[in-house]
Amino acid sequence: MDQLSKKTDWEIIFRPHPQSYTADKKLLDYLSEKYKDAENITVDKSPDNIPSMLKADIMISDFSSINFEFAFLFNKPIIYSLQDVNIDVYDLSTLGRKTWKDDAIKKIGTELNSDNINDLVNVIQNTTENKQANIQEIKDFAWQKQGEGAKNTVDFLVKKQAELSNNYGNSI
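Now for a look at the structure at hand.

Rules and cut-offs
- Residues numbered from 1 in each chain as written.
- Predicted model: local features only at pLDDT ≥ 70, side-chain atom pairs only at ≥ 80, totals over all residues.
- Heavy atoms only, no water.
- 1 Å grid on protein atoms, 1.4 Å probe; cavity = no way out; pocket = protein on both sides within 12 Å on 5 of 7 lines; lining within 4 Å.
- Points joined across faces, edges and corners; volume = space filled by probe spheres on them.
- Helix = DSSP H or I, 4+ residues; strand = E, 2+ residues; numbered from the N terminus.
- Nonpolar A, V, L, I, M, F, W, Y, C, P; charged D, E, K, R; others polar.
- Contact = heavy atoms within 4.5 Å.
- Phe/Tyr/Trp six-rings, centres within 6.5 Å; stacked < 30°, edge-to-face > 60°.
- Pairing = 2+ DSSP bridges.
- Axes fitted to C-alpha atoms, helices over the stretch in contact; angles between N-to-C directions.

With that settled, consider the layout of surface pockets. Gaps between atoms show up when a probe of the same size as a water molecule is rolled over them. The calculated volume of the largest pocket comes to roughly 1,800 Å³. Lining the largest pocket we find 44 residues, and of these Ile13, Phe14, Arg15, Ile60 and Ser61 sit closest to its centre. Within the residue set of the lining of the largest pocket, elements represented by two or more residues are helix H1 (2-7), strand E1 (12-14), helix H3 (25-34), helix H4 (50-55), strand E3 (59-61), helix H5 (66-74) and helix H7 (120-130). The element best represented in the lining of the largest pocket is H7, accounting for 4 residues. Here the lining of the largest pocket is built from residues that sort into 22 nonpolar, 14 polar and 8 charged.

Take a look at the structure:
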C-alpha cells in the first residue's frame, strides 16, 4: 500500500476478508496503525462487500472466488496473487488438471508476483486498460446455460444413475 498511498492520489479501499480479523489480527492491527493518517486509505470492516466493490475501479485479491464476483457483477478487472497457493487443501487438487478458473482468471486480470510488485502503479494502469474486453468473454462462457442449471443437473444425475444401474445392477 505504500506505493499507492504515496505515489498516487487514488482512493484505496482496504477490505480484508472477515476471517482475517481473527486469523491475521496482528497484521491488521499493524496495518491499521501504520496507515491511520493516510488520507487516501479507507478501511472497510462492513459485513457487506458490495458497496466497496461498487466504488472500486479495480480489485487486488488473492486466489479467491471474490475475483469473479467483482469482475462479473461490475465488469471491472482484477489483480490477483497466486503466491504460496496450496491447492492440496481444495477438492480440485484430486482432478490432476487445471480448471476453467485457472485460465479465466488470466483473461480478466493480471497476476501480481515478485517480478511486478514493485511497479504496482503501472500494473494497475495496464490492467485497467487491457482486461475489460475479456471480462464479457469469460462471463458469456460461465453463464452460457443461464436458467438451465437445475434441469441440467437432474438430467446428469438421472443419466449417471442409469449408467451405474447398468454396470452394477439395481442395487444403486
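After that view of the structure, there is still more to cover.
On to the environment of Phe68. Residue placement: Phe68 occurs in helix H5. For the pair Phe68 and Ala104, spaced 36 residues apart in the sequence, the C-alpha separation amounts to 9.1 Å. When near neighbours in sequence (up to four residues on either side) are disregarded, Phe68 contacts Leu73, Trp100, Lys101, Ala104, Ile105 and Ile108.

What follows concerns the packing of aromatic side chains. Overall, the coordinates contain 3 aromatic pairs when judged by the stated rule. Judged by centre distance (6.3 Å) and plane angle (50 degrees), the rings of Phe70 and Phe74 are tilted. In this pair, Phe70 and Phe74 are both assigned in helix H5, 4 residues apart and thus about one turn of the helix distant. Counting every residue linked through ring pairs, the aromatic cluster contains Phe68, Phe72 and Trp143.

Bringing the sheet that holds strand E4 (residues 78-80) into the picture now. Overall, parallel pairing links the 3 strands, which are arranged E3-E4-E5 in an open sheet. The open sheet has two edge strands with one neighbour each: E3 and strand E5 (109-111). Taken over all neighbouring pairs, the strand axes of this sheet differ in orientation by 20 degrees on average, direction set aside. Where E3 lies against E4, 3 bridges are found, and the strand directions are parallel. For Ile60, the partnering residue across the bridge sits in E4 and is Ile79. On top of the sheet, H5 reaches E3 and E4; it is set at about 165 degrees to E3, its chief contact.

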